[in-house]
Amino acid sequence: MDKTIYLDNAATTKIDKEVIKAMLPYLTDQYGNPSSIYSLARESKKAIESSREEVAKAINAKPNEIYFTSGGTESDNWAIKGIAFANENKGKHIITTNIEHHAVLHTCKYLKKYGFEVTYLPVKENGIVDINELRKAIREDTILISVMFANNEIGSIQPIKEIGKIAKEKGIYFHTDAVQAVGKIPIDVNELNIDLLSLSGHKLHGPKSIGALYIKNGVKISNMLHGGGQERKMRAGTENVPSIVGLGKAIEIATENINEKNEKIIELRDILINGLLEKIPDTILNGDREKRLPGNVNVCFKYIEGESILLMLDMKGVCASSGSACTSGSLEPSHVLLALGLEHEIAHGSLRLTLSKYNTQKDVKYLLEILPEIVQKLRDMSPLINQN
Amino acid sequence: MEEYSEKVMEHFFNPRNVGEMDDADGVGEVGNPRCGDIMRMYIKVKDNKIEDIKFKTFGCGAAVATSSMVTEMVKGKTLEKALKITNMAVAKALDGLPPLKMHCSNLAEAGVKAAIQDYRKKNGKEE
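As the structure is a prediction and not an experimental result, all values here were calculated from the model. As a convention, each chain's residues are numbered from 1 in the sequence order in which they are written. Here the convention is simple: chains get letters from A, ligands get numbers from 1, in the order in which they are written. The predicted origin of the model limits local features to residues at a pLDDT of at least 70 and limits the giving and counting of side-chain atom pairs to 80 or more, whereas totals for whole chains, interfaces and linings rest on all residues. Side-chain numbers come from the whole structure's heavy atoms, not from hydrogens or water.

(A) Fine view of the interface of chain B and chain A. In this analysis, two residues are considered to be in contact whenever any of their non-hydrogen atoms come within 4.5 Å of each other. Contacts between chain B and chain A engage 25 residues on the former and 26 residues on the latter. Taken over both partners, the interface formed by chain B and chain A buries close to 2,200 Å², and the fraction arising from carbon and sulfur atoms is 64%. Accessible-area loss on putting two parts together, using a 1.4 Å probe and summing over both, is the definition of buried area adopted here. By the criterion of area lost to chain A, the three top residues of chain B are F13(B), R34(B) and F58(B), representing 28% of everything that side buries. Any Lys or Arg side-chain nitrogen located within 4 Å of an Asp or Glu carboxyl oxygen qualifies as a salt bridge. Inspection of the chain B/chain A interface yields 1 salt bridge. In this structure, the salt-bridge partner of K101(B) is E307(A), at a minimum N-O distance of 2.4 Å.

Right, dumping it as structure tokens:
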């Protein structure tokens, strides 16, 4: 097998050739600083503003509600700390979930040092937040609800519309980490009553280290980076022009005919899920069967460990990921899998395969050929199964 | 993630002495499924020497490779010599392990010790 089969698109994606083409002039001749006044600089400024329009269009926001950042992590940090510090006179309570990305969880943990209280909503077995739990958690002093649009590990899509409605009724700001969802499923921030939304370029075939935070007009938020007057004095620092252009192009491509493109990815996903459950005994599908990102497959193979599976897949040219402890650098398996109520030893045997528009039927077929053998080889070695 | 040595990969893909033993003289099981690794060692003892050894391991690449390596290192050795094999020696024999994986080599040493202890207990030779 000399070809790489890339099935880790939730980690990052291959950059689209059209995106590189759009970026190239800004990496070469169009190097002007957008803050300067000569025409070379004006070209850069124009490029940024046209990218801002594309990003806004993708989520049905206004261009002046889009702020470019260095990526999903910065957007999450800014949204949560920015709302917390700007609104602490109203209250110091934040609600989030126990399956958020670390960019959200660790930011909330940091805020505890400043006297903020955080409620972590549990999820149901399918990895979806219980709306009743959210209602119960809301207090007089709640200033922010932060719930991810779709989970990065198990792909579960959260009830964003219901959450937005509740947040609006109660007058609480609503932030969603939509890093895995933008460009994958249609999003309309107005219809969903979202006040703040984080997105990232490299998850949708754009460049790395570029993202955006949508901040609805009128939302009270503090700056995180202080310095020059860029981004309407909200986010200092010379703009990363080529990457901003790349993000604009990538999001334009990703949101074009999104439902049509999803049909193909969903078909591959379902072949993979059904094939794995059928061919490999003692396999558990993690996350919801229906309310799931088009490209996400996440399973646990009982009695074996995830890193071993990844090493064997790598040998066969397949890139994938796992929520086992050995792949996280700690002794604990993924907090998301544990939040589903899985036993530790089962969570250690997880495998995540995430598809993109570049995957084919052939890729999926190959995987369904090699995975049963790999799982069997590791199970033959496992002391958790009694011989015969 | 830090890379494994070629030797680790070679032992991971072609582990020596994998299996179970119906007539083992000693069996030792170490590790914890919560942490993601369990190692079970079976030994056959003759004339105070480890005549045969088999293992089964649930764990990462390093856990499998250290299990495989330690079985090669103790096979044919006297029990006393086998007990002297340290996790550092196992790691060294594999051309080193990434720092985060060093704890996996503890399992290999502990697995052999547990199997010998079990043998001695069964034969009234507990020290």
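(B) Spotlight on the sheet that holds strand β10 (residues 296–301) of chain A. All names here are of chain A. Two strands pair if DSSP finds at least two bridges between them. Helix and strand assignments come from DSSP, with helices taken as H or I runs of at least 4 residues and strands as E runs of at least 2, each series counted from the N terminus. The antiparallel open sheet is built from 3 strands, whose spatial order is β9-β10-β12. Lying at the two open borders of the sheet, with one neighbouring strand each, are β9 (283–285) and β12 (350–354). Taken over all neighbouring pairs, the strand axes of this sheet differ in orientation by 25° on average, direction set aside. In this sheet, β10 lies alongside β9 in antiparallel orientation, the contact comprising 3 bridges. Directly across from L285, in β10, lies its bridge partner V299. Only the contacting stretch of a helix is used when fitting its axis, a line to C-alpha atoms as for every element, and angles between N-to-C directions run 0 to 180 degrees.

(C) Region of the structure containing the side chain of E65(A). Residue and element names in this part refer to chain A. Mapped onto the elements of the fold, E65 is located in the loop between α2 (39–59) and β2 (66–69). The cut-offs for exposure are 20% and 50% of the maximum accessible area for each residue type, with area from a 1.4 Å probe on protein chains only; residues under the lower value are buried, those over the upper are exposed, and the others partly exposed. Residues scored as positive are Lys and Arg, those scored as negative are Asp and Glu, and His as well as the terminal groups of each chain are ignored. One buried charged side chain, E65, makes no salt bridge at all; its nearest oppositely charged neighbour is K62, positioned 4.0 Å away. Polar contact criterion, stated in full: a pair of N or O atoms within 3.5 Å, where within protein one must be able to donate a hydrogen and the other to accept it, and residues adjacent in sequence count only if both atoms are side-chain atoms. Of note is the side chain of E65, whose polar atom sits 2.8 Å from the backbone nitrogen of K62. Those residues in contact with E65, other than ones at most four positions away along the chain, are L213, Y214, I215, K216, N217 and R232.

(D) Expanded view of unusual backbone geometry. Residue and element names in this part refer to chain A. One non-glycine residue with positive phi stands out, namely N60, at about 60°. Within the fold, N60 resides in the loop between α2 and β2. For N60, a relative accessible area of 38% gives the class partly exposed. For K233, which is not glycine, the phi dihedral falls at a positive 65°. Judged by relative accessible area, K233 falls into the exposed class, the value being 65%.

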